[in-house]
Amino acid sequence: MKICISGLTGSGKSTLSKRLAEHYGVPLLSGGDMLKKLIAGDEAMADPGWWEREVGRAAMEIRRRDPGFDKRVDEELIKAALRLRDVVLDSWTMPYLLEAEDKVAIFLKADLKVRAKRVALRDGLPVEVAEERIRRKDSETAEIYEKLYGFRLGEDLRPFHLVLDTSRLNRDQVFSIVRRFVDWWFGR
C-alpha cells in the first residue's frame with residue numbers, strides 16, 4: 001500500500017500525510033523534508049514554514065540553478081517506496097513518477113486565500129505576505145518540475161485517483177474522507 005499525497009502549499013498535504021501514516025502504522029516519507037535536509041541540513045528540519053521564508057527562497061534559487069537536488073530526492077523516494085511494503089509519501093512528484101501497482105494518488109487543492117490563511121497562521125505572517133510567498137513558491141516549483149519531468153503541477157491531474165478540495169473542510173474532515181477512500185481503494 002503506497003499512499004501518495006500531493007497538493008500545493010497550504011492545501012493540507014503534510015498534515016494529512018502524518019495522520020495517515022500514524023493511522024495505518026506505516027512510515028512517512030516527505031519529499032519536501034528530504035529536499036530541505038539535503039539543501040540546508042538538519043537545523044532546517046524543525047521549521048515547518050522554512051520553504052516560505054527567505055531561507056527557502058534562497059534554496060529555491062539553488063534548485064532552479066541545479067535541479068539535480070530534486071532528481072536526487074525523487075530517486076531516493078522511489079527507491080524507498082519500492083523497497084517498503086507500505087508507505088505514505090508526502091510529495092509533489094511521486095504521483096507522477098512512482099510506478100507501482102499498489103499505489104493510490106491523492107491531490108489536495110484549496111483556494112489560494114484559504115491556503116494563505118493557513119500558512120499565515122502556521123508561520124505567524126500577515127496573510128498578504130503568505131499569499132505572495134505561496135504564489136512564488138508554487139509557480140517556481142511547478143516550473144522546475146515541468147522542465148525536469150514534463151508535467152504541470154496542479155494542472156495535470158491525470159495520475160490522481162482522488163482530487164479533494166479542502167477549502168471548506170477541516171483537518172478531521174479531510175482525514176475522514178481520505179481514510180475512507182484509501183480503505184475502499186485497497187479493499188480494507
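Everything numeric in this text was worked out from a predicted model, so none of it was measured.

Thresholds, definitions, all that
Residues numbered from 1 in each chain as written. Predicted model: local features only at pLDDT ≥ 70, side-chain atom pairs only at ≥ 80, totals over all residues. Heavy atoms only, no water. Helix = DSSP H or I, 4+ residues; strand = E, 2+ residues; numbered from the N terminus. Buried < 20%, exposed > 50% of the residue type's maximum accessible area, 1.4 Å probe, protein only. Lys, Arg positive; Asp, Glu negative; His and termini not counted. Salt bridge = Lys/Arg side-chain N within 4 Å of Asp/Glu carboxyl O. Polar contact = N/O pair within 3.5 Å; in protein donor to acceptor, adjacent residues only side chain to side chain. Contact = heavy atoms within 4.5 Å. Expected span 1.5 Å × (residues − 1). Axes fitted to C-alpha atoms, helices over the stretch in contact; angles between N-to-C directions. Parallel < 35°, antiparallel > 145°, perpendicular 65-115°, else oblique. Left-handed = near helix turned anticlockwise from the far one by under 90°. Nonpolar A, V, L, I, M, F, W, Y, C, P; charged D, E, K, R; others polar. Core = buried A, V, L, I, M, F, W, Y, C linked by side-chain atoms within 4.5 Å.

Draft legend 1. Geometry of the side chain of Asp90. Position of Asp90 among the secondary structure elements: in strand S3 (residues 87-90). The charged side chain of Asp90 is buried without a salt bridge, its nearest counter-charge being Lys13 at 4.9 Å. A polar contact is formed between the side chain of Asp90 and the side chain of Ser14, at a distance of 2.8 Å. Look past the residues within four positions of Asp90 in its chain and what remains in contact with it is Ile5, Lys13, Ser14, Ser17, Leu28, Leu29, Ser30, Gly31 and Gly32.

Draft legend 2. Layout of helix H8 (residues 171-185). Under the 1.5 Å per step criterion, the end-to-end length of H8 is 21 Å for 15 residues, consistent within 8% with the ideal 21 Å. For H8, the full list of buried residues reads Val174, Phe175, Val178, Phe181, Val182 and Asp183. Along its buried surface, H8 packs onto strand S1 (2-7), helix H1 (13-24), strand S4 (103-109) and strand S5 (162-165). For H8, the N-terminal cap is Asn170; the gap from its side-chain oxygen to the backbone nitrogen of Asp172 is 2.9 Å. Positioned one or two residues after H8, Gly187 has a phi angle of 65 degrees, which is positive.

Draft legend 3. Focus on the packing of helix H6 (residues 112-123) against helix H7 (residues 127-149). Where H6 meets H7, the axes come as close as 8 Å, and the angle between the chain directions of the two elements is 110 degrees. In terms of their interaxial angle, H6 and H7 are classed as roughly perpendicular. Pair H6 / H7 crosses with right-handed handedness. On the side of H6, the interface is formed by Leu112, Lys113, Arg115, Ala116, Lys117, Val119 and Ala120, while H7 contributes Val127, Ala130, Glu131, Ile134, Arg135 and Asp138. Split by residue class, the contact of H6 with H7 holds 7 nonpolar, no polar and 6 charged.

Draft legend 4. Here's a closer look at the nonpolar core. Residues Leu89 and Leu153 are the most contacted members of the largest nonpolar core, which totals 23 residues. The set of elements that each furnish at least two residues to this core consists of helix H4 (68-83), S3, helix H5 (94-97), S4 and H7. Counting residues in hydrophobic clusters, the runner-up holds 19 residues, among them Ile3, Ala21, Phe175 and Val178.

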